[in-house]
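Survey of secondary and tertiary structure
Below, each chain spelled out in residue letters.
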Amino acid sequence: AAFSVLMKVEENGGSFAGLYYRNKWLAVTMMVALMSMAGIPPMAGFAAKYYIFIISLGNQHPYLVLFAVAMSLVSVFYYFRVIIQMFDKNAAIEPVTVSWSAAIFNFLSVVLLIALGLFPSVAEVAKIMWR
């Protein structure tokens, strides 16, 4: 999802400044993708980080978990700087157009990022079924 938005933004000047006012769905897609990568609940990235932290703690690696949590906090700082920039009203407002196929892909990506965060066991069931 993030790379899809990044490619579209790059085609249209390469700036996230004011993206929400240029194309709301691209901004929402990027915001959800960044929040998932940061590990904010209820996104899929939170479930992934949670499972990794639990497994690491179970294998007696508390310092690794503390380091990962610290790096997650650093990533949140940088991701939220991009999110704040997307909602800047003072940026140039040049509309960004997206094809229907890209819009559908972005919508499905957002739905999956949220759904897999809310129901992470579904991903585990799918993984077992496809073995």
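This one's a predicted model, so the numbers in the text were calculated from it and none came from an experiment.

1. A closer look at the overall build of the protein chain
- From N to C terminus, the protein chain includes 7 helices and 0 strands.
- Secondary structure elements of the protein chain, listed N to C terminal, follow the sequence α-α-α-α-α-α-α.
- In terms of principal-axis extent, the alpha carbons of the protein chain reach across some 50 × 35 × 20 Å.
- When each of the 131 residues of the protein chain is scored for burial, the buried share is 31%.
- Taking as baseline every contact in the protein chain between residues at least 6 positions apart, the subset at least 24 positions apart corresponds to 70%.
- Entry remark: accessible area of the protein chain is about 8,700 Å², with carbon and sulfur atoms responsible for 73%.

2. What to know about unusual backbone geometry
- Here P41 and P42 are connected by a cis peptide whose omega angle stands at 5°.
- Tracing the backbone through its elements, the reader meets P42 in the loop between α3 (24-38) and α4 (44-58).
- Residues other than glycine seldom take positive phi values, yet Q60 does so here, at roughly 60°.
- With respect to the helices, strands and loops of the structure, Q60 is situated in the loop between α4 and α5 (62-86).
- For Q60, a relative accessible area of 64% puts it in the exposed group.

Rules of the game
- Residues numbered from 1 in each chain as written.
- Predicted model: local features only at pLDDT ≥ 70, side-chain atom pairs only at ≥ 80, totals over all residues.
- Heavy atoms only, no water.
- Helix = DSSP H or I, 4+ residues; strand = E, 2+ residues; numbered from the N terminus.
- Buried < 20%, exposed > 50% of the residue type's maximum accessible area, 1.4 Å probe, protein only.
- Contact = heavy atoms within 4.5 Å.
- Areas by Shrake-Rupley, 256 points an atom, 1.4 Å probe, with all protein chains shown as cover.

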